[in-house]
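Breakdown of the fold
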Amino acid sequence: MSRIALLSSVVLALALCGCQTTKQPAPDKTIKTSSIKTEESTAGFPKPANLAFGETHHLAGRVLTVSSLKDLKLEPKEVVLSFDDGPIPGRTDRVLATLDRFGVKGAFMMVGEMAALHPELARRVAMEGNTIGSHTYKHPNLNTLSFDMAIAEIARGEAAVTKATGTDVNFFRFPYLADSRKLRSAVAAREMIVMDVDVDTKDYFNSTPDQVADRAMNRLRQRGRGIILMHDIHKRTAAMLPALLARLEAEGYKVVTLKFKKDAKAVEMASL
């Protein structure tokens, strides 16, 4: 990677570090880089199980094949691990290594510009069997754009992630969760399923890794199941993930892998 590309990646990641996924009136009020920590403590974490020879984890659950949002229904004690805003070297690859240790897959909602900057890493995410989604090209609040501009941003992000990963993109998450009924319908028309959020870890806050894990588990215990939101651009997220997965396993949760399959009836109707 050239020094210019690396610098561009760091600048973009710093901007995305201020991404609060909770709905916001405008993204420029939420992007703050002054409080970003360069190192996060991992003190206080329970140690994940050691992977001795022959030892296996029991966190992997079923593969759920979906054709539309109505199919994305989780059973009690089932979770989907989702990661926004990447990929970025040094963090996304740490997340991948942790997922591999526990034998589970995640759903990566990639920002198109990040995927274009790091195509080899983006392709690796896909090649390792993770679910691939897009998160627009530059992560704007789509509700602040005209409808046509919002659709163009969605399409550009989808195209960039498709090119980088070499696979179809069938899932989408709205930046800041700033959606509308009209935009959700437009995303569905592009044969993408909107990835909503049930458990927001708020790992974009200036928290320690153990605070992030505690927040995730407390919220998950209240709901009993759901899609967990994290961001693979944060060091604290990569640092806390092994402990979070160990806690999920200890409490009997299963990680669901999402797969997309075109609705046969929809394909038939489109061909008429």
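Here, residues in each chain are numbered from 1, in the same order as that chain's written sequence. A pLDDT threshold of at least 70 governs which residues receive local features in this predicted model, and a stricter bar of 80 or more applies before side-chain atom pairs are shown or counted, although totals over entire chains, interfaces and linings include all residues. Side-chain measures here rest on the full set of heavy atoms in the structure, leaving out hydrogens and waters.

This brings us to helix α6 (residues 181-189). Throughout, exposure labels follow a simple rule: accessible area from a 1.4 Å probe, protein chains only, divided by the maximum for the residue type, with under 20% read as buried, over 50% as exposed, and the rest as partly exposed. Counting from the N terminus, the helices are DSSP H or I runs at least four residues long and the strands are E runs at least two residues long. Among all positions of α6, only L183, A186 and V187 are buried. Taken down its axis, α6 places every buried residue within 100° of arc, on the same side. Among the exposed residues of α6, those pointing more than 90 degrees away from its buried face are R181, K182 and A189. Contacts are assigned to residue pairs with any non-hydrogen atoms lying within 4.5 Å of each other. In this fold, the buried residues of α6 make contact with α5 (147-165), β5 (171-172) and β6 (193-194). Here the arc refers to the directions that run from the helix axis out to each C-beta atom.

Before going further, it helps to examine the packing of aromatic side chains. A pair of aromatic rings is counted whenever rings of Phe, Tyr or Trp (Trp by its six-membered ring) have centres within 6.5 Å, and the orientation is called stacked for planes under 30 degrees apart, edge-to-face for over 60 and tilted otherwise. Counting across every chain of the model gives four aromatic pairs. Ring centres of F171 and F260 lie 6.5 Å apart, and the angle between their planes is 80°; this geometry places the pair in the edge-to-face category. Here F260 lies in strand β9 (residues 254-260) and F171 lies in strand β5, a separation of 89 residues in the sequence. Using a relative accessible area of 2% as the deciding quantity, one classes F171 as buried. Ring centres of F172 and F174 lie 5.0 Å apart, and the angle between their planes is 85°; this geometry places the pair in the edge-to-face category. Exposure class is identical for F172 and F174. Each is buried. Two thresholds decide whether a charge sits over a ring: the Lys NZ or Arg CZ must be within 6 Å of the ring centre and within 35 degrees of the ring normal. Here the guanidinium or amino end of K77 rests over the ring plane of Y253, the centre of that ring lying 4.2 Å away. Of note, K182 hangs over the ring of F147, and the distance from its end group to the ring centre comes to 4.2 Å.

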